[in-house]
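Here's the letter readout for the chains.
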Amino acid sequence: MASLGIEAEQEPLLEDGTAGSREWDITETEEHYKSRWISIRILYLTMFLSSVGFSIVIMSIWPYLQKIDQTADASFLGWVIASFSLGQMVASPIFGLWSNYRPRKEPLIVSIFISVAANCLYAYVHVPASHNKYYMLVARGLVGFGAGNVAVIRSYIAGATSLQERTSSMANTSACQALGFILGPVFQTCFALIGEKGVTWDTIKLQINMYTAPVLLGAFLGVLNIILILILLREHRVDDSGRQCKNVNFEEASTDEVQVPQGNIDQVAVVATNILFFVVLFIFALFETIVTPLTMDMYAWTREQAVLYDGIILAALGVEAVIIFMGIKLLSKKIGERAILLGGFIVVWVGFFILLPWGNQFPKIQWEDLHNNSIPNTTFGEIIITLWKSPREDHSEGPTGCPIEQAWCFHTPVICLAQFLTSAVLIGIGYPSCNVMSYTLYSKIIGPKPQGVYMGWLTASGSAARILGPVFISQLYTSLGPRWAFSLVCGIVVLTILLLVVVYKRLIAFSVRHGRIQE
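In the annotation of an unreviewed UniProt entry, the entry for the protein reads Major facilitator superfamily domain-containing protein 8, and the organism field reads Callorhinus ursinus. Word for word, the UniProt comment on the protein under Subcellular location (unreviewed entry) is "Endomembrane system".

In structure tokens form, the structure reads like this:
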């Protein structure tokens, strides 16, 4: 027999011990233990590949869109970018409901197959004689639809881990997701060496270039992922104490299995946690969006400098997030998940408060009415368009500084670089802390009940936040400037902290609430 607390790799939150050293003294067979953690690790990989699927082409979408369809404008670019989150928002509850009643292999394999097919479609969007931009829109939407399997992944991991294992497993899941977002653009940069022309396989009309090679790699990795799931993934479900539960997802029954405990889920806590998770994703999405135009307006950076420096900053925040995810495993054991969530929101508030403009020094004004390097008033697509513009497109970088079209440039003090970097570091600490604690607590609130639909709604709320965040910040920043924009963000965070304080005592595990386990 193997104790659930033996291996620190699987349960880094637990002290080293032997069988019987755990609070509930629950043991399981060595075979079941290994199979359970192999399955969880396969889903870590699936989460990583899902994140790579989003980020591996994000820097090349705009130039590729311009190349295949001259009628595409910045407005349509916004729809292409948003289609991923829209697809994921629609698919998450569907796949979650599916996973509640059928083996989790089914929605996982189908969702990954959709992503593979969508990546192949993306590689062929240049072939049709017209309407190429709509094929790209469909391709990115389907990739997002396939990424709806995040709900299945989280529900599986939540159901296959005990309370003591849960925080560590969720932190590992978030770390894999963050790592995917970091490495995706790195892969894209490597493929840039192939160039725009690349090579063409005339027989099947396949062009392999800097735009299509990343998605073809994604399709290949997706096929490998499907094979690994078919061979290695097994259905496992345990209760909050770590005992194997009987469930429709199980392929075979065992005499050691226990029935899922009865009791009502605290729906107030469920709704509150969805709101908290929405705010977490909302504030980070708007921060990601505003980084480039803010630095170009405040520090008179050129497009080339902004893409380089902001890329370094965001990559550093990604590395910081992975470190925070790992540190949370130990910290949560000492002070608990709720305290970390509250502390994370406070740190985020401090980060945005520091970002408020102070002093009497004003940004350089962009007097020339040539190129607006900031966010225009028109469309969501133009918010991020500067990220794709290359100096090769316009050998003259044009004027730099805060454009005169934004009236606030004349009376809003500049945000010092040290001020901005300090804020970025604090947000980089608070965001991953709130992120992983939100759905760790969420999974514990739901308890041993089937979590597919619940995780589907949580993922959908996060997708909605990633759509609305950039739109919110673009309108406020352009019209009113950073002082009003970041003040309102601070206000939103304060209201969220108040909500958390109100429901703080309700954010407890299902088994604790029903008196089966002491907190």
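1. Description of the nonpolar core
Grouped together as the largest cluster of nonpolar side chains are 73 residues, with contacts concentrated most on Phe287, Phe345, Phe352, Phe420 and Phe486. Looking at this core, the element that brings in the most residues is helix H9 (residues 267-299), giving 18 residues. Look past the residues within four positions of Phe486 in its chain and what remains in contact with it is Ile290, Leu294, Phe352, Leu355, Leu356, Ile415 and Ile473. Residues Ile61, Leu65, Ile229 and Leu233 belong to the second largest nonpolar core, which totals 53 residues.

2. With respect to a nonpolar patch on the surface
A grouping of Ile38, Phe220, Val223, Leu224, Ile227, Leu230, Ile231 and Leu232 is seen on the molecular surface, where their side chains present a nonpolar patch of about 680 Å² in accessible area. Along the polypeptide, Ile38 turns up in helix H1 (residues 30-55). Among the residues examined, Ile38 registers a relative accessible area of 37% and is labelled partly exposed.

3. Section: the packing of helix H6 (residues 150-159) against helix H7 (residues 163-191)
Where H6 contacts H7, the two axes come as close as 9 Å, and the packing angle between them is 155°. When the axes of H6 and H7 are compared, the pair comes out roughly antiparallel. In this structure, H6 crosses over H7, and the sense of that crossing is right-handed. Mapping the contact onto sequence places Arg154, Ile157 and Ala158 in H6 and Arg166, Ser169, Met170, Thr173 and Gln177 in H7. Its residues assigned to classes, the contact of H6 with H7 shows three nonpolar, three polar and two charged.

4. Examining helix H14 (residues 482-503)
An α-helix turns once every 3.6 residues. As a result, residues three or four positions apart point the same way. Its 22 residues give H14 an end-to-end C-alpha distance of 31 Å, which sits within 8% of 32 Å, the value for a rise of 1.5 Å per residue. Taken residue by residue, H14 has Pro482, Ala485, Phe486, Val489, Cys490, Val493, Thr496, Ile497, Leu500 and Val503 as its buried positions. Angularly, the buried residues of H14 cover 150° about the axis, an arc narrow enough to put them on a single face. Away from its buried face by more than 90 degrees, H14 exposes Trp484, Leu495, Val501 and Val502.

5. Focus on the environment of Pro214
The residue Pro214 is located in helix H8 (residues 213-232) in this model. Residue classification places Pro214 among the buried residues on the basis of a relative accessible area of 0%. It is 6.3 Å that separates the C-alpha atoms of Pro214 and Ile56, two residues lying 158 residues apart in sequence. Beyond its immediate chain neighbours, meaning those up to four positions away, Pro214 contacts Ile56, Val57, Gln188, Phe191 and Asn209.

6. Remarks on the environment of Arg41
Of note, Arg41 is situated in helix H1. Between the alpha carbons of Arg41 and Ser169 there is a distance of 9.5 Å; along the sequence they are 128 residues apart.

7. Re unusual backbone geometry
Even without being glycine, His131 reaches a positive phi, approximately 55°. Relative to the elements of secondary structure, His131 occurs in the loop between helix H4 (105-123) and helix H5 (132-146). Of note, the phi angle at Ala300 is positive, near 55°, even though the residue is not glycine. Checked against the element boundaries, Ala300 lands in the loop between H9 and helix H10 (303-335). For Ala300, a relative accessible area of 19% puts it in the buried group.

Calculation criteria
Residues numbered from 1 in each chain as written. Predicted model: local features only at pLDDT ≥ 70, side-chain atom pairs only at ≥ 80, totals over all residues. Heavy atoms only, no water. UniProt positions renumbered as here; feature names shortened; annotations may be inferred. Core = buried A, V, L, I, M, F, W, Y, C linked by side-chain atoms within 4.5 Å. Buried < 20%, exposed > 50% of the residue type's maximum accessible area, 1.4 Å probe, protein only. Helix = DSSP H or I, 4+ residues; strand = E, 2+ residues; numbered from the N terminus. Contact = heavy atoms within 4.5 Å. Patch = residues over 30% accessible without salt bridge, like charges linked within 9 Å, V, L, I, M, F, W, Y side chains within 5 Å. Areas by Shrake-Rupley, 256 points an atom, 1.4 Å probe, with all protein chains shown as cover. Salt bridge = Lys/Arg side-chain N within 4 Å of Asp/Glu carboxyl O. Axes fitted to C-alpha atoms, helices over the stretch in contact; angles between N-to-C directions. Parallel < 35°, antiparallel > 145°, perpendicular 65-115°, else oblique. Left-handed = near helix turned anticlockwise from the far one by under 90°. Nonpolar A, V, L, I, M, F, W, Y, C, P; charged D, E, K, R; others polar. Expected span 1.5 Å × (residues − 1). Arc of directions from axis to C-beta.

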